[in-house]
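Here are the chains, one letter per residue:
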Amino acid sequence: MFNVKRCLRRSLAAAIALLCFLPAPEAAAKKPGAILNVWPLIGGSPDNGEAFRILYQSTGLKGEPIEVSGAIYIPPGPAPAGGRPVIAYGHPTSGVVEKCAPSLMPDNAGLIWGIKSMLAKGYIVVATDYPGLGTPGIHPYLIGVSEGRAVLDSVRAAIALPRSGASNRFVLWGHSQGGHAVLYAGELAKSYAPDLKLLGVAAAAPATYLIELFDADKSSAAGKELTAMAIWSWSNLYKDPASSLVEANAMNVYKTMAQDCIESVADFLALDKAERPLEKQKFLKANPAKTQPWQGIMQRNSPGQQPAGAPVFLAQGTADTIVRPYITKQFGKALCKQGAKVMFVEMPGVTHTFAAKESVATALKWMDDRFRGVPAPSVCGG
């Protein structure tokens, strides 16, 4: 039988041992990716390895040092010669307020499809929360530079964590908002993190062309929830009042929707419950996908405006009503025109919620090949 107290004692002892090897906070705060604190991770690891919640340094939107939290899973046993490869995971939308950080949730590992297989293969899995989730401040929701830096610095943090045995060879894997995050991390890797060796970018149902996505989703239950979160984040981040877009009589419901946390698959499936108060009243005064400054924010934060940085794996379900299949296909074709090597996997009948679950086995095989140096396959030109 699983002994929770024994597991927590073991994790706490490991965390204390790690802290003995950490540099002083003054030194740690000087470099992106530096470890600032370590805690036992609630729920532990799905294997016999170690799992920690970490606080590490990253870079804010103005170039300032910021603190970002996340989770790291380390396989059991000694690291191989050359170190352990790293999979950096970008999580789907969990919310836009501090309490919604995945690393604070009871089963963080259960939110990462395929993690048991990743650990069994000897990969370290590191999963950022993104800025403003798990740490004070505004979460820059779907702001590409913010997400991308946090993802890349999570890899640096994995390397900096004492006894992790992490190498600088890594691939990126993300779902939905996390797909958006890893695509941006791929674009930023060469300039922001030249010390790291990016081998591939894998994304399931990624948020890509934000104007088209928000416009297509404006009337759906999930679309209203995600729009509320985006407007909440952007209005606070850029000091543009939400009242210019949200109807006065919908403001209280909007605030409630914006501060919801999506903590499980069941929460994704129940998004329509959050919309019911708005079914009989108008939510927005205008379509943000066609209204400034919101449209401009979406345009600036759509990936694909820079080279992908590595071969790309895209998975898309045909029954997805949040990230529309035609938009992901359009994005893949644009990557091909840029010269990227793109593998596109279409999943008949798969919805948005299960895009990562249904594609992770294929994605992991693709990642294995990137670590082994196998030439990347591509649908481009086919």
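Our structure's up above, just so we're on the same page.
Since the model is a prediction, treat every value here as computed from it, not as a measurement.

**Regarding the pairing of strand β4 (residues 84-90)**
β4 sits mainly inside the fold: seven of its seven residues count as buried. Relative to strand β6 (residues 166-175), β4 runs parallel, the two being bridged by six bridges. Residue pairing across strands places G90 opposite G174, the latter belonging to β6. As paired elements, β4 and strand β5 (residues 124-128) share four bridges and run parallel to each other. When the bridges of β5 are listed, A88 appears paired with V126.

**Description of the sheet that holds strand β2 (residues 50-59)**
Strand order in the open sheet made by the nine strands is β1-β2-β3-β5-β4-β6-β7-β8-β9, with mixed pairing throughout. Bordering the open sheet on either side are β1 (35-40) and β9 (342-347), each of which pairs with just one other strand. Geometrically, the sheet is characterised by an average inter-axis angle of 20° between neighbouring strands, direction not taken into account. Alignment of β2 against strand β3 (residues 65-74), held across ten bridges, turns out to be antiparallel. The residue bridging A51 from the neighbouring strand is Y73, located in β3. Across the sheet, helix α13 (residues 355-372) touches β4, β6, β7 (197-204), β8 (312-317) and β9, and the angle it forms with β6 is around 150°.

**Overview of the pairing of β9**
Pairing analysis gives six bridges linking β8 to β9, with the strands arranged parallel. Paired with V312 across the strands is V342, a residue of β9.

**Focus on unusual backbone geometry**
Following Q292, the chain continues into P293 via a peptide bond in cis, with omega recorded as 5°. Relative to the elements of secondary structure, P293 occurs in the loop between α10 (271-275) and α11 (294-300). Phi angles above zero are rare outside glycine, and R163 is one such case at about 70°. Unusually for a residue other than glycine, K239 sits at a positive phi of about 60°. Tracing the backbone through its elements, the reader meets K239 in the loop between α7 (221-238) and α8 (251-258).

**As for the side chain of D153**
Tracing the backbone shows D153 in helix α4 (residues 144-160). In this structure D153 comes out as buried when scored by relative accessible area, which is 0%. Reaching out from D153, the side chain makes a polar contact with the side chain of Y192 at a distance of 2.6 Å. Those residues in contact with D153 that sit more than four places away from it in its chain are P32, G33, Y56, Q57, S58, T59 and Y192.

**Here's the deal with the state of the cysteines**
Enumeration according to the criterion identifies two disulfides in this entry. There is a disulfide in this structure between C100 and C261, and the S-S distance comes to 1.9 Å. Here the S-S torsion is close to -85°, and the disulfide linking C100 with C261 is therefore left-handed. Placement of the pair is C100 in the loop between β4 and α3 (115-120) and C261 in the loop between α8 and α9 (265-269), with a sequence separation of 161 residues. The buried category is assigned to C261, whose relative accessible area is 18%. Paired through a disulfide, C336 and C380 show a sulfur-sulfur distance of 1.9 Å. Judged by the sign of its S-S torsion, about -75°, the cystine formed by C336 and C380 is left-handed. Of this pair, C336 sits in helix α12 (residues 325-338) while C380 is found in the segment after α13, placing the two residues 44 residues apart along the sequence. Accessibility expressed as a relative area gives 24% for C380, which makes it partly exposed.

**Remarks on the packing of α4 against helix α5 (residues 177-192)**
Relative to each other, α4 and α5 sit at 70°, their axes nearing to 7 Å. When the interaxial angle is binned, α4 and α5 end up roughly perpendicular. Between α4 and α5, the residues in contact are G144, V145, E147, G148, R149, V151, L152, D153 and R156 and Q177, H180, A181, Y184, A185, L188, A189 and Y192, respectively. Looking at the contact of α4 with α5 residue by residue, the class counts come to nine nonpolar, four polar and four charged.

Scoring rules and cut-offs
- Residues numbered from 1 in each chain as written.
- Predicted model: local features only at pLDDT ≥ 70, side-chain atom pairs only at ≥ 80, totals over all residues.
- Heavy atoms only, no water.
- Buried < 20%, exposed > 50% of the residue type's maximum accessible area, 1.4 Å probe, protein only.
- Helix = DSSP H or I, 4+ residues; strand = E, 2+ residues; numbered from the N terminus.
- Pairing = 2+ DSSP bridges.
- Axes fitted to C-alpha atoms, helices over the stretch in contact; angles between N-to-C directions.
- Contact = heavy atoms within 4.5 Å.
- Polar contact = N/O pair within 3.5 Å; in protein donor to acceptor, adjacent residues only side chain to side chain.
- Disulfide = S-S within 2.5 Å.
- Parallel < 35°, antiparallel > 145°, perpendicular 65-115°, else oblique.
- Nonpolar A, V, L, I, M, F, W, Y, C, P; charged D, E, K, R; others polar.

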